[in-house]
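Descriptive structure summary
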Amino acid sequence: MTDFRLTAQHTDGDLALAHIAGQLDIATAPRLRTQALALIEQGHRHLILDLGAVTFCDSSGFNALVGIYRCAKTANGTLVLAAVPDRLQRMLDLTGLSALLPAHPTAAHALVAHTRSQDAATA
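Right, let's walk through the structure included here. (Residues numbered from 1 in each chain as written. Predicted model: local features only at pLDDT ≥ 70, side-chain atom pairs only at ≥ 80, totals over all residues. Heavy atoms only, no water.)

**Comments concerning unusual backbone geometry**
Put simply, the rule is: Helix numbers and strand numbers start at the N terminus; a helix is a DSSP run of H or I with at least 4 residues, a strand a run of E with at least 2. Burial classes: relative accessible area under 20% of the type maximum marks a residue as buried, over 50% as exposed, and values in between as partly exposed (1.4 Å probe, protein chains only).
Of note in this structure, Asn-76 is not a glycine but carries a positive phi near 60°. You can see Asn-76 is positioned in the loop between α2 (59–74) and β4 (78–82). Among the residues examined, Asn-76 registers a relative accessible area of 60% and is labelled exposed.

Here is the structure:
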């Protein structure tokens, strides 16, 4: 079995921060999608996925990210990535997915950016 782990560390209102570790491939992408969509269904329509510990991502992993993005958007939410490994960021850029999935250098940066965007939306 392929190594994969999703840990929802920060859940605050409509925001969830989840740390992803291991490989995102044909064996694990369905679990990523299922677990992330469960967070959305629990009311956390804004997701930050920390990918700093992702060791590999194939097209199935990309597909899962797009599916999660679409579900978050349908729930009037967002999907933001954090700590994206260089190789994965290059693939996001090459495929154009980086236009849909904004990335921040760290989860902390993503949390600050989310807070600022929510403050601006309510101002």
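Once you've had a look at it, read on.
**Remarks on the pattern of salt bridges**
As a reminder, the rule being used: A carboxyl oxygen of Asp or Glu within 4 Å of a side-chain nitrogen of Lys or Arg is what we treat as a salt bridge.
Counted under the stated rule, the structure contains 1 salt bridge. A salt bridge links Arg-45 to Asp-14; its shortest N-O distance comes to 3.2 Å. With Arg-45 in the loop between α1 (29–41) and β3 (46–57) and Asp-14 in the loop between β1 (4–12) and β2 (15–24), the pair connects residues that are 31 residues apart, well separated along the chain. Under the relative-accessibility criterion, Arg-45 is labelled partly exposed at 27%.

**Let's talk about α1**
To keep it simple, the criterion reads: Multiplying one less than the number of residues by 1.5 Å gives the expected span of a helix. This arc is built from the directions going out from the helix axis to the C-beta atoms. Any two residues whose heavy atoms approach within 4.5 Å at even a single point are treated as in contact.
Over its 13 residues, α1 extends 18 Å from the first C-alpha to the last, a length consistent with the 18 Å expected when each residue adds 1.5 Å. When α1 is considered as a whole, its buried residues turn out to be Ala-29, Leu-32, Ala-36, Leu-37, Leu-39 and Ile-40. Projected down its long axis, α1 carries its buried residues within an arc of 150°, all on one side. Exposed side of α1, more than 90 degrees from the buried face: Thr-34 and Glu-41 are the residues found there. Buried residues belonging to α1 abut β1, β2, β3 and α2.

**Observations regarding the pairing of β4**
Applied cut-off: Should DSSP find at least two bridges between two strands, the strands are taken to pair. Think of it like this: strands point away, you trace from the first strand over the helix to the second, and a clockwise trace means the crossover is right-handed.
Summarising burial for β4: 4 of the 5 residues are buried, a large majority. Relative to β4, β3 runs parallel, the two being bridged by 5 bridges. Within β4, the position partnered with Ile-48 by the bridge is Val-80. Where the polypeptide runs from β3 across α2 and back to β4, its parallel neighbour, the crossover connection is right-handed. Bridge count between β4 and strand β5 (residues 103–104): 2 bridges; the pairing is parallel. Bridging from a neighbouring strand, Ala-82 pairs with His-104 of β5. Assessed by its sense of winding, the connection that carries the chain from β4 through helix α3 (residues 86–95) to β5 is right-handed.

It is worth stressing that arrangement in space is one thing and function is another; only the former is reported here.
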